[in-house]
Protein chains: 2
Amino acid sequence: MTAPHPFDNAISLQPQGDGAWQGHTSPPYANFIGPFGGITAAQCLQSVLQHPQRLGDPVAFTINFAAALADGAFSLHPRPVRTNRSTQHWIIEMRQGDELVATATALTAVRRPTWGAHELRMPEAPRPLDVPRTTRRGVAWLERYDMRFVLGVLPRTWEGQGSDDSTSRLWVRDDPPRPLDFASLAALCDVFFPRIWLRRARQTPLGTVSLTIYFHACAQQLAAAGSGYLLAQARGQGFAGGYFDHAGQAWSESGELLATTHQVMYYKE
Amino acid sequence: MTAPHPFDNAISLQPQGDGAWQGHTSPPYANFIGPFGGITAAQCLQSVLQHPQRLGDPVAFTINFAAALADGAFSLHPRPVRTNRSTQHWIIEMRQGDELVATATALTAVRRPTWGAHELRMPEAPRPLDVPRTTRRGVAWLERYDMRFVLGVLPRTWEGQGSDDSTSRLWVRDDPPRPLDFASLAALCDVFFPRIWLRRARQTPLGTVSLTIYFHACAQQLAAAGSGYLLAQARGQGFAGGYFDHAGQAWSESGELLATTHQVMYYKE
């Protein structure tokens, strides 16, 4: 018998009998303060994925981080607020005690075969194992991902000599490897370090406030991606008045677009 | 005394006394079936903007279209679910009778001066008045916008000869002109016709299911943009299994990035 993967432990939720689910923050996914936002996103999405009334698979998911999570228990309150023939809309609230710490919305849908042809092609990149694994920097959640930067790695020095272009491109997968699914893909969509670090080569207090993911793959395509690497890419867009955003994409190792993602972060100065 | 602008009529909401607001769909913003999605987004955002408890201005806004709106009355139920020192999180539900027709979340915040330097620059384009106004096509809401396409106009013929690149770029403003504000900018972020029409040059039943807007401008910057044109741009990303998405941007006539936007649409075949 093998031990469960740390990701499966982290997204494990216990029913509370009143439509709520209880989970716990997970030390293997700890960030500088509180948990890695990607694991919080995965926990929120998981409350929908395991819901007995769920119809179809995720198409769109938005999470708003309303407060820093304290280490410990949280409750999740997913509500299917509208169910159509092939689509379903969800509102999810995450609380610690009486405090709301995150809100989310999700659209799940039964997808059907249609014309399809992704427009965003995977950029050229050397194969994952031809790129050295990037050194980890001591925060627990970074140990949970095998990251191999092709472009836009963290600045070597923090001397304020930033770049006009904040694009990063990296191969990434769970460590230890784990077959891809919707919850793990949601977490992987948040592995990008803050784009402002590349622009400024300067550290400032910051945090994600809203994250959106559009899923372009069905469950079978995620299964086909298996435990291979994803090519993940992100680029900053607007930076002003304490908030900046980025747009990102994730392709399977074989070049299939699996998800697009956007987020906006707060920064202090 | 001049008559109110049709946009102001469309976003007019009456308090119902129990935290709910009543509004009506607006014939000048009618689409083929039901209203233009951008006006629905603006109505949802307006329920937050005019809320007596609102703190700060919009930073992030996501709306999920759960059902086709019927022409007539709707109610809006905005809830400030978490208020911090300088940020506030909202959940908004839109209903017609007992039916939920849209959900939304918003983050408002008191923005403060910080380092800032937008990364996405406005693309080169001829001045708005040097570009001919694009012919309108008979749907009411199209009459509410002065659109001047620089790139990626609707296919001239619907013969299935599409393009690999679905980028559109246009100058756009309210018609009649109206000073820009957060509500009208939200609506303007939805003026893009479906990207799949450019890819396929073929019409298929479709509709937006989720739309996200990140605001990069403060109220003063929107006021400075006045009733000038915006340069709006969008490009499709993934197209498969009945859903596709696009990423878009809007700059003021003077080249300031005002908003970035993303949406995912359902399509039938």
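All values reported here derive from a predicted model rather than from experimental measurement. (Residues numbered from 1 in each chain as written. Chains lettered and ligands numbered in written order. Predicted model: local features only at pLDDT ≥ 70, side-chain atom pairs only at ≥ 80, totals over all residues.)

Q: What is the right way to look at the overall build of chain A in this model?
A: Broken down by element type, chain A carries five helices and 12 strands. For 269 residues, the compact-globule estimate of 2.2 N^0.38 gives 18 Å, and chain A sits close to it at 18 Å. Counting all 269 residues of chain A, 51% fall into the buried class. For chain A, the proportion of contacts with a sequence separation of at least 24, taken over those separated by at least 6, is 69%. (Helix = DSSP H or I, 4+ residues; strand = E, 2+ residues; numbered from the N terminus. Rg over C-alpha atoms; globule rule 2.2 N^0.38 Å. Buried ≥ 20, exposed ≤ 12 C-beta atoms within 10 Å, placed from the backbone. Contact = placed C-beta atoms within 7 Å.)

Q: What exactly am I supposed to notice about helix α2 (residues 37–49) of chain A here?
A: Residues that lie three or four places apart on an α-helix share one face, since the helix turns once every 3.6 residues. Compared with the 18 Å implied by 1.5 Å per residue over 13 residues, the 18 Å span of α2 of chain A between its first and last C-alpha is a close match. By the criterion of burial, α2 of chain A is predominantly enclosed, with 13 of the 13 residues buried. (Expected span 1.5 Å × (residues − 1).)

Q: What is the right way to look at the domain arrangement of chain A in this model?
A: Interface size is commonly expressed as the accessible area that is lost once the parts come together. Residue and element names in this part refer to chain A. Taken domain by domain, chain A consists of domain 1 (8–110) and domain 2 (130–269). Here the C-alpha centre of domain 2 lies 21 Å away from the C-alpha centre of domain 1. The interface of domain 1 with domain 2 comprises 25 residues on the first partner and 24 residues on the second. Looking at the side of domain 1 that touches domain 2, the elements with two or more residues in it are α2 and β3 (57–65). The greatest single-element share of the side of domain 1 that touches domain 2, amounting to nine residues, is contributed by β3. The residue makeup of the side of domain 1 that touches domain 2, split by class, is 18 nonpolar, six polar and one charged. (Domains from an automatic or database assignment. Nonpolar A, V, L, I, M, F, W, Y, C, P; charged D, E, K, R; others polar.)

Q: Is there a simple way to think about the relation of the copies chain B and chain A in this case?
A: A rotation about an axis combined with a shift along that same axis relates the two copies of the chain. Taken as rigid bodies, chain B and chain A are interconverted by a rotation of 180 degrees and an axial shift of 0.0 Å, the fit giving an RMSD of 0.0 Å. This pairing of chains is accounted for by a two-fold axis. Take the interface residues of chain B: 98% of them recur as interface residues in chain A, which is what a same-surface contact looks like. (Least-squares fit on C-alpha atoms with pLDDT ≥ 70 in both.)

Q: Would you explain the sheet that holds strand β12 (residues 257–267) of chain A in this entry?
A: Residue and element names in this part refer to chain A. Strands sit in the order β1-β2-β4-β5-β6-β3-β9-β12-β11-β10-β8-β7 across an open sheet of 12 strands; the sheet is antiparallel. The two strands at the open ends of the sheet, each matched to only one other strand, are β1 (14–15) and β7 (145–151). In the packing of α2 onto the sheet, contacts are made with β2 (21–24), β3, β4 (73–83), β5 (87–96), β6 (99–109) and β9 (206–215), and the angle to β6 comes to roughly 60 degrees. (Pairing = 2+ DSSP bridges. Axes fitted to C-alpha atoms, helices over the stretch in contact; angles between N-to-C directions.)

Q: Looking at this structure, how should I read unusual backbone geometry?
A: Trans is the common state for peptide bonds, and a negative phi is the common state for residues other than glycine. Residues and elements named next belong to chain A. Cis rather than trans, the peptide bond between Asp175 and Pro176 has omega equal to 0 degrees. Inspection of the secondary structure assignment puts Pro176 in the loop between β8 (168–174) and α3 (182–188). Here Ala201, not a glycine, exhibits a phi torsion of approximately 50 degrees, which is positive. Residue position: Ala201 is located in the loop between α4 (195–200) and β9.

Q: Would you take a moment to explain the interface of chain B and chain A for this structure?
A: Contacts between chain B and chain A engage 50 residues on the former and 49 residues on the latter. Here the side of chain B that touches chain A is composed, by residue class, of 22 nonpolar, 20 polar and eight charged.

Q: Hey, could you run me through the pairing of β4 of chain A in this one?
A: The side chains of a regular strand alternate, residue by residue, between the two faces of the sheet. Residues and elements named next belong to chain A. Of the pairings in the sheet, the one linking β2 to β4 comprises four bridges and is antiparallel in character. Residue pairing in the sheet places His24 in a bridge with Ala73 of β4. Judged from the eight bridges that link them, β4 and β5 form a sheet pairing that is antiparallel. Residue pairing in the sheet places Pro78 in a bridge with Ile92 of β5. Linking β4 to β5, which pair antiparallel, is a turn of three residues.

Q: Got a minute to help me understand the pairing of strand β10 (residues 230–240) of chain B in this structure?
A: Residue and element names in this part refer to chain B. Burial analysis of β10 places 11 of its 11 residues in the buried class, which makes it a mostly covered element. As judged from the five bridges shared by strand β8 (residues 168–174) and β10, these two strands associate in the antiparallel manner. Looking across to β10, one finds that Ser168 is bridged to Ala234. Hairpin connection of β10 to strand β11 (residues 243–252): two residues between the antiparallel strands, including Gly241 at a positive phi of 55 degrees.

Q: Would you mind going over the nonpolar core with me for this structure?
A: The nonpolar side chains of soluble globular proteins are, as a tendency, buried together. Core analysis: the biggest nonpolar cluster contains 158 residues, and Leu45 and Ala186 of chain A together with Leu45 and Ala186 of chain B have the highest contact counts within it. Setting aside chain neighbours within four positions, we find Ala186 of chain A in contact with Gly38, Ala41, Ala42, Leu45, Phe61 and Ile213 of chain A. (Core = buried A, V, L, I, M, F, W, Y, C linked by C-beta atoms within 7 Å.)

Q: I'm lost on the sheet that holds strand β6 (residues 99–109) of chain B in this one. Help?
A: Residue and element names in this part refer to chain B. Pairing is antiparallel across the open sheet formed by 12 strands, whose spatial order is β1-β2-β4-β5-β6-β3-β9-β12-β11-β10-β8-β7. At either margin of the open sheet sits one strand with a lone partner, and together these are β1 (14–15) and β7 (145–151). Relative to β6, strand β3 (residues 57–65) runs antiparallel, the two sharing eight bridges. Its bridge partner lying in β6, Asp57 is registered against Ala109. The strands that helix α2 (residues 37–49) touches are β2 (21–24), β3, β4 (73–83), β5 (87–96), β6 and β9 (206–215); relative to β6, the one it contacts most, it runs at about 60 degrees.

Q: Quick question: what am I supposed to make of the confidence of the model for chain A here?
A: Caution applies to low-pLDDT regions: their predicted coordinates should not be interpreted in detail. In this model, chain A carries a mean pLDDT of 96, and residues with pLDDT of at least 70 account for 100%. Interface confidence in the predicted complex, given as ipTM, is 0.97; pTM for the same model is 0.98. (pLDDT = per-residue confidence, 0-100.)

Q: In this structure, what is going on with the environment of Glu256 of chain B? I would like to understand it.
A: All names here are of chain B. Within the fold, Glu256 resides in the loop between β11 and β12 (257–267). Looking at Glu256, the number of C-beta atoms within 10 Å reads 19, which means it is partly exposed. Sequence separation between Glu256 and Ala30 is 226 residues, and the spatial gap between their C-alpha atoms is 30 Å. Other than its neighbours up to four places away in sequence, Glu256 contacts Ala217, Gln221 and Trp251.

Q: When you look at the environment of Gly34 of chain B in this model, what are you seeing that I'm missing?
A: All names here are of chain B. Inspection of the secondary structure puts Gly34 in the loop between β2 and α2. Spatially, the C-alpha atoms of Gly34 and Asp71 are 6.1 Å apart, while their sequence positions differ by 37 residues. Those residues within four positions of Gly34 in sequence are excluded, and the remaining contacts are Ala68 and Leu69.

Q: Explain the environment of Val209 of chain A to me, please; I cannot follow it from the model alone.
A: The residue Val209 of chain A is located in strand β9 in this model. Its 23 C-beta neighbours within 10 Å are what place Val209 of chain A among the buried residues.

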